[in-house]
Amino acid sequence: MRITVDYIISSKTLMGSCRNYAHILALLVSLACLFPDTLSATARDGGSADFAGSKNLPQQLPDSVAILLKKYGISLSAVSLDIQEAESQSTLVSLNSNAPRNPASVIKLVTTLSALEILGPDYQWHTRYWADGTITDGVLTGDLVLQGGGDPFLTVDKFLHQVLSIRQRGIHTITGSLVIDNSLFDVADHDRAQFDGQPSRLYNVEPDSALVNFSATRFIIQPMQTNGGTRIAVFADPPVADLVVENNIKPQSGKCPNRNNGRNHGWSYELHKKGDKVIARFDGKYRSRCGQHSITRSLFSNREYTYRLFKYLWSNSGGTFDGGYRMAVTPDHAIAIISYPSEPLADVITSINKYSNNVMARQLMLSLDAQGQDRPATIAGGHAAIKNWLSENAGIMPRLIIDNGAGLSRKTRITTANLTNLLQHGWRSNYRAEFLSSFPLAALDGTMKKRLRGSALTGRARIKTGLINSVRSMAGFVNASNNKHYSVAMMIESKNVGFGNGNVIQDAVLEWIYNR
């Protein structure tokens, strides 16, 4: 049985509720704004769907889900839900399926499936190194050029391998500068604080065709046993040139505070610059029973981080390099040294979807516009590549707004009907195995690792989730107890939804599907 809920709203209601807003178009796709909690809905099967201010529960939703929505004060108009059987494509539930909403990180499924089919699972990026000068007896008299190829997953271990590969080719001294060529992507200057005022958080790092290790520094706090007793060590991983850790943390006895609330209770850190050096100062007391703890932050711009990490790794490998860095395009006369391939795309999308890596998704979308072009890739070009593929494979989506392709946006919009079409295409795709294996597995890995533990859904639900303020979303597949597979797409936009109660509602939906 297909159950669908339709809404009718007059132009008078629309203008009355949204007259004072500057961005009316954005509000048109937000049901939470357009429909007050008392707005009723009529189900096509004749059942009442009005439960805001009513004792009647909506018949188009599982009772367990309807009860939770009412408990948390979330209006039916704020929820979109589509559930289909994957093989037959028969619809079980369709609620507000054509209402455009913000999917948060679930939009990564659009980016990754598009890339998987456009580029192929074996696609690789290449980072190239060139000598702009002469090489004599191991001395590069001139500059070393790092030409970024857009690799989304150039982590510190791979970057170290690249540095060692250059050293193994006999170069031990660089007399000039490190030239960073990130001209493959045309990305506007980015304010990392713009989205939420947290510029050092990794999810705010911007794309860059010469991005290295997500521009991330991990500070590790670890109790160490010595002959003189316990001391608290603090160190940076990876180390970068001219980053100094000042550790003033003292050990403290007692029970460790709740790991989810106040793990940093009693200690703090601050960052400041002193000439070319960046000082990370840690103060306070740390309880030894807490064991190892870490925080990961982005302290530098992408280009400065790449330079500092390269300088540290080059010197640490026995090489000599005292120069600075500059941004420039690779000269035509430069001499090729090495070309280093990335992980294959199939592995990259697994990291993007399982761990919801924003900057990797943004790199991937730009890469779609970098194929066979004699110009830098742009965000608009990435949008066009995705929308062209969608129109030919998963249907035209006129109200789709991709924005950065990662979901860290207030502008992104899609419907659950669109998401369902995308999931169905992924289910039938030649690359179905690669696509499905990129989803987090309930209770086992990724962003679903701590969800549904000990339940029958362990390993049977492949779910990509999304979360920003007032948005909780999910999309994926469930292998139910009847051994049938179902696709599910759900989005909630409400000031009353958060991480905790959003998880509870999503889990109730997944359990209802499993128990069919």
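Let us look at the structure shown here. (Residues numbered from 1 in each chain as written. Predicted model: local features only at pLDDT ≥ 70, side-chain atom pairs only at ≥ 80, totals over all residues. Heavy atoms only, no water.)

1. Describing the packing of helix 6 (residues 156-168) against helix 7 (residues 302-316)
The N-to-C vectors of helix 6 and helix 7 enclose an angle of 55°; their axes lie 10 Å apart at closest approach. With respect to helix 7, the element helix 6 is oriented oblique. Relative to helix 7, the crossing made by helix 6 is right-handed. Mapping the contact onto sequence places Val156, Phe159, Leu160, Val163, Ile166 and Arg167 in helix 6 and Thr306, Leu309, Phe310, Leu313 and Trp314 in helix 7. When the residues that make up the contact of helix 6 with helix 7 are grouped by side-chain class, the tally is nine nonpolar, one polar and one charged. (Axes fitted to C-alpha atoms, helices over the stretch in contact; angles between N-to-C directions. Helix = DSSP H or I, 4+ residues; strand = E, 2+ residues; numbered from the N terminus. Parallel < 35°, antiparallel > 145°, perpendicular 65-115°, else oblique. Left-handed = near helix turned anticlockwise from the far one by under 90°. Contact = heavy atoms within 4.5 Å. Nonpolar A, V, L, I, M, F, W, Y, C, P; charged D, E, K, R; others polar.)

2. Some words on the state of the cysteines
As used here, a disulfide is simply a covalent bond connecting the sulfur atoms of two cysteines. Counted by the stated rule, this structure contains one disulfide. The partner cysteine of Cys256 in its disulfide is Cys290, sulfur to sulfur 2.2 Å. Around the S-S axis, the bridge from Cys256 to Cys290 shows a dihedral of about 110° and counts as right-handed. Placement of Cys256 in the loop between strand 11 (243-252) and strand 12 (267-274) and of Cys290 in the loop between strand 13 (277-287) and strand 14 (293-297) is noted, with a sequence separation of 34 residues between them. Relative accessible area serves as the criterion here: at 17%, Cys256 is assigned to the buried category. Its relative accessible area of 3% is what places Cys290 among the buried residues. (Disulfide = S-S within 2.5 Å. Buried < 20%, exposed > 50% of the residue type's maximum accessible area, 1.4 Å probe, protein only.)

3. Describing helix 4 (residues 63-71)
The set of residues buried in helix 4 consists of Val65, Ala66, Leu68 and Leu69. Taken around the axis of helix 4, the buried residues stretch over an arc of 160°, which confines them to a single face. Away from the buried face of helix 4 by more than 90 degrees, exposed residues Asp63 and Lys71 are located. Residues of helix 4 that are buried in the fold lie against strand 3 (79-85) and helix 13 (499-514). A positive phi of about 70° marks Gly73, the residue just after helix 4. (Arc of directions from axis to C-beta.)

4. Looking at the sheet that holds strand 10 (residues 229-237)
Hydrogen bonds between backbone atoms are what pair the strands of a sheet, whose relative direction is either parallel or antiparallel. Strand order in the open sheet formed by three strands is 10-9-14, and the pairing between neighbours is antiparallel. The outermost strands of the open sheet, each flanked by one partner alone, are strand 10 and strand 14. Each neighbouring strand pair of the sheet contributes to a mean axis angle of 20°, computed without reference to strand direction. As judged from the five bridges shared by strand 9 (residues 217-226) and strand 14, these two strands associate in the antiparallel manner. Bridge pairing links Ile220 to Ser294 in strand 14. (Pairing = 2+ DSSP bridges.)

5. With respect to the pattern of salt bridges
Throughout the structure, instances matching the rule amount to 11 salt bridges. For Lys158, the salt bridge goes to Glu343, with nearest N and O atoms at 3.9 Å. Residue Lys158 is found in helix 6, and its partner Glu343 is found in the loop between strand 17 (335-341) and helix 8 (345-355); the two are separated by 185 residues along the sequence. The partner of Arg375 in a salt bridge is Asp369, and the shortest N-O contact between them spans 2.8 Å. What makes Asp369 buried here is its relative accessible area of 5%. (Salt bridge = Lys/Arg side-chain N within 4 Å of Asp/Glu carboxyl O.)

6. Observations concerning the nonpolar core
Generally speaking, nonpolar side chains in soluble globular proteins are found buried as a group. Judged by nonpolar contacts, the single largest core of 46 residues is most densely connected at Leu109, Leu345, Leu364, Leu390 and Ile414. When contributions to this core are tallied by element, the ones reaching two or more residues are helix 5 (108-119), helix 8, helix 9 (358-367), helix 10 (379-393), helix 11 (416-428), helix 12 (432-437), strand 19 (471-479) and strand 20 (485-493). Apart from the residues within four sequence positions on either side, Leu109 is in contact with Asn353, Leu422, Leu423, Phe435, Phe439, Lys464 and Ala475. Counting 42 residues, the second largest nonpolar core, distinct from the first, contains Phe159, Phe219, Ala280 and Tyr307. (Core = buried A, V, L, I, M, F, W, Y, C linked by side-chain atoms within 4.5 Å.)

7. Side note on the pairing of strand 3
Taken across its seven residues, strand 3 has seven buried, putting it largely inside the fold. Burial along strand 3 is two-sided: the residues Val79, Leu81, Ile83 and Glu85 and Ser80, Asp82 and Gln84 are all buried. Pairing geometry for strand 3 and strand 4 (residues 91-95), over four bridges, is antiparallel. Counterpart to Ile83 in the pairing with strand 4 is Val93. The turn joining strand 3 and strand 4, which pair antiparallel and follow one another in sequence, is formed by five residues; a positive phi near 60° is taken by Gln89.

8. What to know about the pairing of strand 19
Counting buried positions over the nine residues of strand 19 gives nine, a clear majority of the element. Sheet analysis places strand 18 (residues 461-468) next to strand 19, joined by eight bridges and oriented antiparallel. The residue of strand 19 that forms the bridge with Thr465 is Met474. Connecting strand 18 to the next strand, strand 19, in antiparallel fashion are two residues, including Ser470 with a positive phi near 70°.

9. Comments concerning the environment of Ser90
Its place among the elements puts Ser90 in the loop between strand 3 and strand 4. Residues Ser90 and Tyr486, spaced 396 residues apart in sequence, show a C-alpha to C-alpha distance of 9.5 Å. Setting aside anything within four residues of it in sequence, one finds Ser90 in contact with Ile83, Gln84 and Glu85. Here the side chain of Ser90 touches Ser88 through a polar contact of 2.9 Å, side chain to side chain. (Polar contact = N/O pair within 3.5 Å; in protein donor to acceptor, adjacent residues only side chain to side chain.)

10. Side note on the sheet that holds strand 13
Strand order in this open sheet of three strands is 11-13-12, and the pairing throughout is mixed. Two strands lie at the open edges of the sheet, namely strand 11 and strand 12, each paired on one side alone. Strand-to-strand twist in this sheet, taken as the mean axis angle between neighbours without regard to direction, amounts to 10°. Both strand 11 and strand 13 contribute to a ladder of 10 bridges, which runs parallel. Looking at strand 13, one finds that Val244 is bridged to Ile279.

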